[in-house]
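Residue-level structure breakdown
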Amino acid sequence: MSALPAPDASLPMGLTERPDGIYIDLGLPPPARAAAINQVFGAGFYLAGLSYPVLIKALYDVGPALGAAQAVRVAAAVRPIDASRLALYKSPKPGRGYAEYYVEPLFLDEEVLADGTVLPERVAQLDIDEFVAAMWRHGIRFGIDVAAVTTAIRSAKAQRITFATDLEPEPGRDAAVLEVSEALHRSDAPKARADGRIDLHSFENRFPQIKAGVRLLKKVPCAPGLPGYDLAGRMTAPPPPADLVLRHRAGDGTEVQTLADGEYLVSVRDGFLAVDAKSGRVSVTDKIVSLDGVSGRTTGNLELAGAYEEYGDVQEQRDVTGGDITVHGNVYGNIHSRGGAVVLDRNLVGGSVRNANGPIAIAGVASNAVIHTGAGAITVARAENCVISGGTVTIGEASNCEIVADVLRITTAEGCAVAGRDVEIDCAGPRRRTEMVVHVLLRDVARYDRELGDIALRLAELDRVLASYEQEAAQLAVLPDVRRYIALSRKLRNQELTVSPEQTHLLRKIAAGVAQPMQALDRLKKDGQIALTQQKLLRDRQHAVLAQKLAAAGTARCGLHMISGETVVRTMPCAGADADAAASAIGATPALAQQPVREIKQRLRGASGGAVLFWESAGSLDWHLDPAGA
């Protein structure tokens, strides 16, 4: 249908006339609805009582929702535009994204009706419903500001108005990442202790610790935008929203899981949270890497469950407790490690490093510090005024230090007091007024010596008893009758003589005469055999105790390659030989090294006991323990 011949003619498909007005069928596709409206307006008709928002929603899906009805009322009626009024509507002035219209006072020309009636020139006024239809025919099919046009029409003054504008497309929502765990954020608030007091030296949660199975991040999916329309009703597509791949945020210890309510980044192990500032990658690792240093401003005191790596400095009076600790900056505070390796790439000044079970390595200078390991090796490039104790200690240069170790190796030592089971120093000497003292630790084997002494006394007593038995037996054996009887008995046993029946009576008479001395000889023989058995058992015990003593004493040595001033080398007994032997077997520190710092200093600097092995101002020493003579 190209035109509507009369107001009561049938409407185009998509439009329906009902008693209360004109309805548009929402079941048809939008192009079919637009074609129906185009036929009405193109045929010179307009929609009286038009609801422009409903029309725009029905044609372009822009505006408030129309509900679930199949058809909605769009106007009151379809009416033709009078030819005389059609001339009132001028062409709009289009612009870039908008259209203008010049509204001015209008007059209808004088008109002669068919019956001869003359209608004089009169004032005319535009109609908003006719205006919409007229502008449609000029290509303005979207974006008319009905309120602005109505106001301009009612105004008596001439004015140019912008009556229609394009609708810019509305961008969609980019995909985003939503934090769903409070554990992602560190807390720098002062730490609350168990007793209710506040620890101003520690932060509540400087390095968040994450349990396995915790949801950390959730992906919020992208949402498409809304299209825009130009004045001709042509759609302008919105820019596509940016999407993201959540798995690109998954680092070590995390993975992406698709759950019932969305896609999540979930931790798969216990550890510390780490977020890469550049890539945004989230990891859960067993090691913390810090770049800010340890101070009251950055971290406060730290008590960590895992490994820790620090690139900054550890300031004075700051404590770092953890395991497997590496510091690339200077350390002025205290390091406490439960195990693993402690590595300091620079200097330790005025602080302390203690490792319960593991090695300690300091690449720079240790000054006025305390260094201790319960089981492990200590390596220091240079140490000054330090107290050092460990299983194996290796130092390049040591000055005015107190050092205790099972195995001690020093390149240059000046003014130090050291103690060890195996000591080797390339160059040793005093420093100013501080003497150089070396103590060679000898395990206490006194209890073995006491037992060996007791065995020796008992053996000596048995030797005396056996000698008395032999002397008494010799005195009895030289008696004439006893000597003759013994000789006769020997010949009879060897069958050198035979005795006739007549001589048997005589032999019995001789035996009766020496019965008492012979009984005494038999008693002395039996007692001697008992004494010899006791002597053998005691000698076996003596050998066993001596072997135990040698094992308990172990080895001890002291090697001083060059002496550059008065140096004293003494022995120092160690209490608990068995404990020290076991400790040495696993590379642990001697018992003395477990003592407080003050006790170590007092023992090493104040000890005057023990045997002097060396006391010279020049030369060298190569001493080894003789366990048998220890």
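Refer to the structure above for everything that follows.
Numbering of residues begins from 1 in every chain and follows the order in which that chain's sequence is written. Local features in this predicted model are restricted to residues of pLDDT 70 or higher, and side-chain atom pairs are both shown and tallied only at a pLDDT of 80 or more, whereas totals for entire chains, interfaces and linings draw on every residue. Where side-chain values are given, they derive from all heavy atoms of the structure, hydrogens and water being excluded.

As for the overall build of the chain
The cut-off we apply is this: Think of it this way: any DSSP run of H or I at least four residues long counts as a helix, any run of E at least two long counts as a strand, and we number them from the N terminus. Partly exposed describes any residue whose relative accessible area lies between the buried limit of under 20% and the exposed limit of over 50%, with all areas from a 1.4 Å probe on protein chains only and scaled to the type maximum.
On a plain count of helices and strands, the chain comes out with eleven helices and 43 strands. Within the chain, the fraction of its 630 residues that count as buried is 41%.

Here we look at helix α4 (residues 128-137)
For the record, the criterion: We call two N or O atoms a polar contact when they sit within 3.5 Å, provided that within protein one can donate a hydrogen and the other can accept it, with sequence-adjacent residues counted only if both atoms are side-chain atoms.
Burial of α4 is extensive: nine of the ten residues sit out of reach of the surface. Residues Ile 128, Asp 129, Glu 130, Phe 131, Val 132, Ala 133, Ala 134, Met 135 and Trp 136 constitute the buried set of α4. Its side-chain oxygen 3.0 Å from the backbone nitrogen of Asp 129, Asp 127 forms the N-cap of α4. Following α4 by one or two positions, Gly 139 adopts a phi angle in the positive range, close to 95°.

Overview of the packing of helix α1 (residues 30-42) against helix α2 (residues 52-60)
Under the convention used in this document: With axes taken as lines fitted to C-alpha atoms, and helix axes fitted only over the stretch in contact, angles between N-to-C directions fall between 0 and 180 degrees. If an angle is under 35 degrees, it is roughly parallel; if it is over 145, roughly antiparallel; if it lies from 65 to 115, roughly perpendicular; otherwise it is oblique. Contact criterion: two residues are considered in contact whenever any of their non-hydrogen atoms come within 4.5 Å of each other. Polar here means any residue outside two lists: the nonpolar Ala, Val, Leu, Ile, Met, Phe, Trp, Tyr, Cys and Pro, and the charged Asp, Glu, Lys and Arg; Gly therefore counts as polar.
Between α1 and α2, whose axes approach to 7 Å, the crossing angle comes to 135°. What the angle tells us is that α1 and α2 run oblique. Facing Pro 30, Arg 33, Ala 34 and Ile 37 of α1, the residues of α2 in contact are Leu 55, Ala 58 and Leu 59. When its residues are assigned to classes, the contact of α1 with α2 shows six nonpolar, no polar and one charged.

A word on the pairing of strand β4 (residues 71-75)
Worth spelling out the cut-off: The rule for pairing is simple: two strands pair if DSSP sees at least two bridges between them.
In terms of burial, β4 is a largely internal element, four of the five residues being buried. Where strand β2 (residues 21-25) and β4 come together, four bridges link them in antiparallel fashion. Among the inter-strand pairings, Ile 22 is bridged to a residue of β4, identified as Ala 75.

Some thoughts on the environment of Leu 524
Here Leu 524 lies in helix α9 (residues 515-553). In the structure, Leu 524 is positioned 56 residues away from Ser 468 in sequence and 9.6 Å away in space, judged by C-alpha atoms. With sequence-adjacent residues up to four places away left out, Leu 524 is seen in contact with Tyr 469, Glu 472, Ala 473 and Leu 476.

Side note on the pairing of strand β43 (residues 621-624)
Burial along β43 is one-sided: Leu 621 and Trp 623 are buried, and none of Asp 622 and His 624, which face the opposite way, are. As paired elements, strand β40 (residues 557-563) and β43 share four bridges and run antiparallel to each other. If you follow Cys 558 over to β43, its bridge partner there is Trp 623.

Considering the sheet that holds β4
Pairing within the open sheet is antiparallel, and its three strands lie in the order β1-β2-β4. Where the open sheet ends on each side, the last strands, each with one partner, are β1 (15-18) and β4. Geometrically, the sheet is characterised by an average inter-axis angle of 40° between neighbouring strands, direction not taken into account. Lying over the sheet, α2 contacts β2 and β4, oriented at roughly 135° with respect to β4.

Concerning the pattern of salt bridges
Our working definition: By salt bridge we mean one thing: a side-chain nitrogen of Lys or Arg within 4 Å of a carboxyl oxygen of Asp or Glu.
Scanning the entire structure with this criterion turns up 18 salt bridges. With a shortest N-O distance of 2.9 Å, Glu 402 and Arg 605 are connected by a salt bridge. One end of the pair, Glu 402, is in strand β37 (residues 402-414); the other, Arg 605, is in helix α11 (residues 597-606), and 203 residues separate them in sequence. Overall, Arg 605 belongs to the partly exposed group, its relative accessible area being 30%. With its nearest N and O atoms 3.3 Å apart, the salt bridge here joins Lys 536 to Asp 540. You can see Lys 536 and its partner Asp 540 sitting in helix α9, four residues apart, about one turn around the helix. Its relative accessible area of 53% is what places Lys 536 among the exposed residues.

A word on the environment of Glu 616
As for its position among the elements, Glu 616 is in strand β42 (residues 612-616). C-alpha of Glu 616 to C-alpha of Glu 566: the two residues are 50 residues apart in sequence and 5.4 Å apart in space.

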